[in-house]
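Structural features, examined
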Amino acid sequence: MKETIDGHARSVRSQIPLLTRELCGRPLVFLDNASTTPKPRSVIDAVVNYYERSTANVHRGVHSLGEEATRLFDDARREVAALIGASPGEVVLVRGTTEAINFVANGLELGPEDEVVFPASEHHANWIPWRVHGKPVPVPIDEDGVPRWETIEKLITSKTKLVSIGHVSNVTGAIAPVEEVVRIAKARGVPVLLDAAQSLSHLPLDVAKLGVDFLAASSHKAFGPSGVGILWSRKEFLAKCPLYQVGGGMISLNNDIDVGGFVPRDAPFKFEAGTPAIEATIGFGAAVKWMRAIGMDAIRQHDLAMSKYLFEGLSDIPGVRILAKKLPYEQRIALATFVVDAPAMTQESVARALCDMFGVCVSAGFHCTHVLHARAHLPGTVRASPHVYNTTEEIDVLLEGVREIAS
Ligand code: PMP
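Attention in this report is confined to the structure presented alongside it. (Residues numbered from 1 in each chain as written. Predicted model: local features only at pLDDT ≥ 70, side-chain atom pairs only at ≥ 80, totals over all residues. Heavy atoms only, no water.)

**Re unusual backbone geometry**
What counts is decided by this rule: The helix and strand labels rest on DSSP assignments: H or I over at least four residues marks a helix, E over at least two residues marks a strand, and numbering proceeds from the N terminus. When a residue's accessible area, from a 1.4 Å probe over protein chains only, is under 20% of the maximum for its type it is buried; when over 50% it is exposed; and in between it is partly exposed.
Residues alanine 267 and proline 268 are joined by a peptide bond in cis, for which omega reads 5°. Here proline 268 shows up in the loop between strand E12 (262-264) and helix H10 (278-294). The phi torsion at alanine 324 lies on the positive side, around 50°, for a residue other than glycine. Along the chain, the position of alanine 324 falls in the loop between strand E13 (320-322) and strand E14 (336-340). A relative accessible area of 4% means that alanine 324 is categorised as buried.

Right under this line is the structure:
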């Protein structure tokens, strides 16, 4: 197992400059990838290259730099589309998963009685929009925050306008049974939104195979820059989806004769008013290239072996409660959320101690999932989320730290 994990990890970690730094006099152990991932050299270079060599606006400039910037930008959209098996015209560039879900919430024009079914364990990005648009219908979850998927069928009624699920939970790491949910929703003619914030960089994705109607994801959790993400949907939806912001860059024709009369460009451009996050998008394209060069299947193999190593290691430590511990490895990614029973210490102070004493970066708190934590009766948790470049030695440092704090 160690060989599978470390073999993959060693070949890629040298490409990520952040990993060479020290923290509190110890080598940095970055285990906070579910929050955001560090950036490979090729992503940093792509951004810097745009600044140093090709700075210009896109889809506007008639000069060579404008053409270069536009080519890099359009290539990035193509690269991201290919990662999820989509056509570039169906990929709207937005600020991230949050904006993508809000885009759909707005686009569906939900009334107060229109219901949206989603697991109660969801990230606030896939919870709060349904409080504002439509009526939230949360799928019950167990005491560990795992959705009780068997209840979803009954919750879908004639009032349901959308089923919206996280592909991978940012707290338990559980992978949703997407095919099953799609089958149930489709039988009732209800579209499905997939929040792929946590899965885009962990699992091979193909929108056609998944059968979903919308996919939302962020670049920064997939080794790319922050400030950009995607909303994928089919051409038919994008053709009729109302515009939620308007301005420059999205107009095909505007005249001053017919008040209110303007002709927007086709999707996806009609949804991308204003100057986009050019350098971030170019970096996102480089990040996708980087992941595809490693191979999404190879990333998943590392993930499976890493899950086993991490969960077995944490399970051996007395005084540690791990959420969704019993889920089979095939149904989770390498992400462990746990509580360390240490007298007089909050989970935030556990995480702080891991950083200050061991150089380990993890998340602590509610991870934007208040309802899940309330259901689990926990005032906070610690989350360790490794990725393809992490080694077993780094997990050993985490385990040593948790063991020392728990004792
Ligand atoms: N959904 C999930 C499952 C997430 O983990 C996150 C980020 N933590 C989001 C949505 C929101 O992503 P962003 O902040 O990049 O918009």
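The discussion continues.
**With respect to the sheet that holds E13**
Rule in force here: The criterion for strand pairing is that DSSP finds at least two bridges linking the strands in question. Note on geometry: axes are lines fitted to C-alpha atoms, helical ones only across the stretch in contact, with angles between N-to-C directions running from 0 to 180 degrees. The criterion used for residue contact is that any of the two residues' heavy atoms lie within 4.5 Å.
With antiparallel pairing, the 4 strands of this open sheet are ordered in space as E13-E14-E17-E16. The open sheet terminates on both sides in strands that have one partner only, identified here as E13 and strand E16 (363-365). Recorded for the sheet is a direction-independent mean angle of 30° between the axes of neighbouring strands. Two strands pair when backbone bridges link them, and E13 and E14 are joined in this way by 3 bridges, in the antiparallel orientation. Note on E14: the bridge partner recorded for arginine 321 is valine 339. In this fold helix H14 (residues 392-406) packs onto E13, E14 and strand E17 (381-384), with an angle of close to 25° to the strand it touches most, E14.

**Structural notes on the sheet that holds strand E7 (residues 160-166)**
Strand order in the open sheet formed by 7 strands is E4-E10-E9-E8-E7-E5-E6, and the pairing between neighbours is mixed. Unpaired on one side and paired on the other, strand E4 (91-94) and strand E6 (135-139) mark the two borders of the sheet. The average undirected angle you get between the axes of adjacent strands in this sheet is 20°. Sheet contacts for helix H3 (residues 64-83): E4 and strand E10 (229-233); angle to E4, the most-contacted strand, approximately 115°.

**Comments concerning the environment of glutamine 301**
Locating glutamine 301 in the fold gives a position in helix H11 (residues 296-315). Look at glutamine 301 and you get partly exposed, because its relative accessible area is 44%. Setting aside residues up to four positions removed in sequence, glutamine 301 forms contacts with Thr4 and His8.

**Comments concerning the site of the ligand**
Going by this rule: Here a residue is near a molecule or strand as soon as one of its heavy atoms is found within 4 Å of it. What qualifies as a polar contact is a pair of N or O atoms within 3.5 Å, subject to a donor-acceptor requirement within protein and to the restriction that residues adjacent in sequence count only when both atoms come from side chains. Here, Shrake-Rupley sampling with a 1.4 Å probe gives the accessible areas, and only protein chains in the shown set may cover a residue. By the convention adopted, Pro, Cys, Tyr, Trp, Phe, Met, Ile, Leu, Val and Ala count as nonpolar, Lys, Arg, Asp and Glu as charged, and the other residues, Gly among them, as polar.
Near the ligand you find Thr97, Thr98, His123, Ala125, Asn170, Asp195, Ala197, Gln198, Ser218, His220 and Lys221, and these make up its full shell. Between the ligand and the protein, one listed contact pairs a nitrogen atom with a side-chain N or O atom of lysine 221 at 2.7 Å. In the complex, the protein chains occlude 84% of the 400 Å² of accessible area that the ligand would expose alone. By residue class, the composition of the shell around the ligand is 2 nonpolar, 7 polar and 2 charged.

**Considering the pattern of salt bridges**
When charged atoms on two side chains of opposite charge get close, those side chains can pair. Operational definition: The salt bridge definition used is simple: a Lys or Arg side-chain nitrogen within 4 Å of an Asp or Glu carboxyl oxygen.
This structure, assessed with the given rule, holds 20 salt bridges. One salt bridge connects arginine 383 with aspartate 32, and the closest N-O pair in it is separated by 4.0 Å. With arginine 383 in strand E17 and aspartate 32 in the loop between strand E3 (29-30) and helix H2 (41-53), the pair connects residues that are 351 residues apart, well separated along the chain. Accessibility expressed as a relative area gives 4% for arginine 383, which makes it buried. For aspartate 32, a relative accessible area of 14% puts it in the buried group. The structure contains a network of salt bridges with shared partners spanning Arg71, Asp75 and Arg78.

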